[in-house]
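# Observations on the three-dimensional arrangement
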Amino acid sequence: MIRFDRVSKRYPPGVDALSNLSFDLDEAQMLLIGGHSGAGKSTLLKLVAGVETATSGSVLVGGQNLGGLARAALPYYRRRIGMVFQDQKLLFDRSAFENVLLPLSISGFPVRESASRVRAALDKVGLGKREKALPIMLSGGEQQRLAIARAVVGRPDLLLADEPTAHLDQDTAADVVRILLEFNRVGVTLLVATYAHELFPGARRLQLDHGRLAA
Ligand SMILES: Nc1ncnc2c1ncn2[C@@H]1O[C@H](COP(=O)(O)OP(=O)(O)OP(=O)(O)O)[C@@H](O)[C@H]1O
Ligand SMILES: [Mg+2]
């Protein structure tokens, strides 16, 4: 599903965020990305999402070399990917329902089927009864679950999560992890940047140290 082959990423004016990184992640598997602050975890996710491009090396996702992807093709590519970020980027003047609906509207999903898709996604994260709530009325954990619902409403093959449990208490964090694992169990490839690897017992982990693969 994902193949990094000697990937380096240098940000101007010369920060090496990733250096000569190679790894593979098979379809329907799960991989945690660990490492200190600034180790390159978010950069790795951004390369997979096509938000940033590698300075050298190749990033393949689903057999597609992202280096060769035209800008115009990016929105289509991203439809197969769900993304959950630490600051969830929810729209605070829209209801939970509308937040989850947004990616479907943007991708031109048929309006008639949208509502049931949105409700199914909200149900899966346990927010089925909160569709009318504004994000401000939701707790931190509920907001994070809403962000997950929005990420999966398009039924992606690949789910990227950047520190999805940051700022959550242990029980709430465990809830969010359980939901992520459930998607993985039904075949969604899962790539998670996290400090909290103990919440994912037994998961394969790639440890970064200053942009390089640690032992
Ligand atoms: N847009 C950017 N421009 C310049 N430098 C950047 C940019 N984004 C990240 N960096 C630098 O690249 C390095 C890796 O950053 P990255 O955000 O990938 O780290 P991280 O492992 O996600 O850290 P954290 O745990 O704090 O989120 C850091 O030195 C950071 O300062
Ligand atoms: Mg980060």
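Refer to the structure printed above.
Fair warning: this is a prediction, and the values are worked out from it, not measured in the lab.

## Some thoughts on the sheet that holds strand 4 (residues 56-61)
Pairing is antiparallel in the open sheet, where four strands are placed in the order 2-1-4-5. On the outer flanks of this sheet lie strand 2 (15-25) and strand 5 (64-65), each paired with one strand and no other. In terms of strand pairing, strand 4 meets strand 5 through two bridges, oriented antiparallel. From the neighbouring strand, Val-61 faces strand 5, where its bridge partner is Gln-64. Across the sheet, helix 1 (residues 41-49) touches strand 1 (2-11), strand 2 and strand 4, and the angle it forms with strand 1 is around 115°.

## Comments concerning the site of ligand 1
Taken together, Tyr-11, Val-15, Ala-17, Gly-35, Ser-37, Gly-38, Ala-39, Gly-40, Lys-41, Ser-42 and Thr-43 form the complete shell of residues around ligand 1. Elements with a minimum of two residues in the shell around ligand 1: strand 2 and helix 1. With three residues, helix 1 is the single largest residue contributor to the shell around ligand 1. Per-class residue counts for the shell around ligand 1 are four nonpolar, six polar and one charged.

## Regarding unusual backbone geometry
Between Pro-12 and the following residue, Pro-13, the backbone shows a cis peptide bond with an omega angle of 5°. The residue Pro-13 is located in the loop between strand 1 and strand 2 in this model. Positive phi, normally seen in glycine, also occurs at His-167, with a value near 65°. With respect to the secondary-structure elements, His-167 resides in the loop between strand 7 (158-162) and helix 6 (170-185).

## Regarding the environment of Gly-63
Among the structural elements, Gly-63 can be located in the loop between strand 4 and strand 5. The spacing of Gly-63 and Gly-141 is 78 residues in sequence and 35 Å in space, taken between C-alpha atoms.

## Things to note about the sheet that holds strand 10 (residues 212-213)
A sheet is described by the order of its strands in space; here six strands give the open sequence 6-7-8-3-9-10, paired in mixed fashion. In this open sheet, the two strands that pair with only one neighbour each are strand 6 (81-84) and strand 10. Here strand 3 (residues 30-35) runs beside strand 9 (residues 205-209); their pairing, made up of four bridges, is parallel. Across the sheet, Ile-33 pairs through a bridge with Leu-206, a residue of strand 9. Packed on one face of the sheet, helix 5 (residues 140-152) meets strand 6 and strand 7 and runs near 165° to strand 6.

## Examining helix 5
Here helix 5 contains 13 residues, and its C-alpha end-to-end distance of 19 Å stays within 8% of the 18 Å for a straight helix at 1.5 Å per residue. Most of helix 5 sits inside the fold, with 10 of its 13 residues counted as buried. Among all positions of helix 5, only Gln-143, Gln-144, Arg-145, Leu-146, Ala-147, Ile-148, Ala-149, Arg-150, Ala-151 and Val-152 are buried. Check the buried side of helix 5 and you find it contacts strand 6, helix 3 (96-106), helix 4 (111-124), strand 7 and helix 6.

## Examining helix 4
Along its 14 residues, helix 4 runs 20 Å from first to last C-alpha, staying within 8% of the 20 Å computed at 1.5 Å per residue. Among all positions in helix 4, only Val-118, Ala-121 and Leu-122 are buried. Looking straight down helix 4, one finds that the buried residues subtend no more than 95° of arc, so they occupy a single side. Turned more than 90 degrees from where helix 4 packs its buried face, Arg-112, Glu-113 and Ser-116 sit exposed. Summarising the contacts, the buried residues of helix 4 are in contact with helix 3 and helix 5. Taken from the residues just after helix 4, Gly-126 is the one with a positive phi, measuring 75°.

## Side note on the packing of helix 3 against helix 4
Where helix 3 contacts helix 4, the two axes come as close as 9 Å, and the packing angle between them is 120°. In terms of orientation, helix 3 and helix 4 fall into the oblique class. For the pair helix 3 and helix 4, the sense of crossing is right-handed. Residues Ala-96, Phe-97, Val-100, Leu-101 and Leu-104 of helix 3 lie in contact with helix 4, whose contacting residues are Ser-114, Arg-117, Val-118, Ala-121 and Leu-122. Residues belonging to the contact of helix 3 with helix 4 are distributed by class as follows: eight nonpolar, one polar and one charged.

Cut-offs applied
- Residues numbered from 1 in each chain as written.
- Chains lettered and ligands numbered in written order.
- Predicted model: local features only at pLDDT ≥ 70, side-chain atom pairs only at ≥ 80, totals over all residues.
- Pairing = 2+ DSSP bridges.
- Helix = DSSP H or I, 4+ residues; strand = E, 2+ residues; numbered from the N terminus.
- Contact = placed C-beta atoms within 7 Å.
- Axes fitted to C-alpha atoms, helices over the stretch in contact; angles between N-to-C directions.
- Near = placed C-beta within 6 Å.
- Nonpolar A, V, L, I, M, F, W, Y, C, P; charged D, E, K, R; others polar.
- Expected span 1.5 Å × (residues − 1).
- Buried ≥ 20, exposed ≤ 12 C-beta atoms within 10 Å, placed from the backbone.
- Arc of directions from axis to C-beta.
- Parallel < 35°, antiparallel > 145°, perpendicular 65-115°, else oblique.
- Left-handed = near helix turned anticlockwise from the far one by under 90°.

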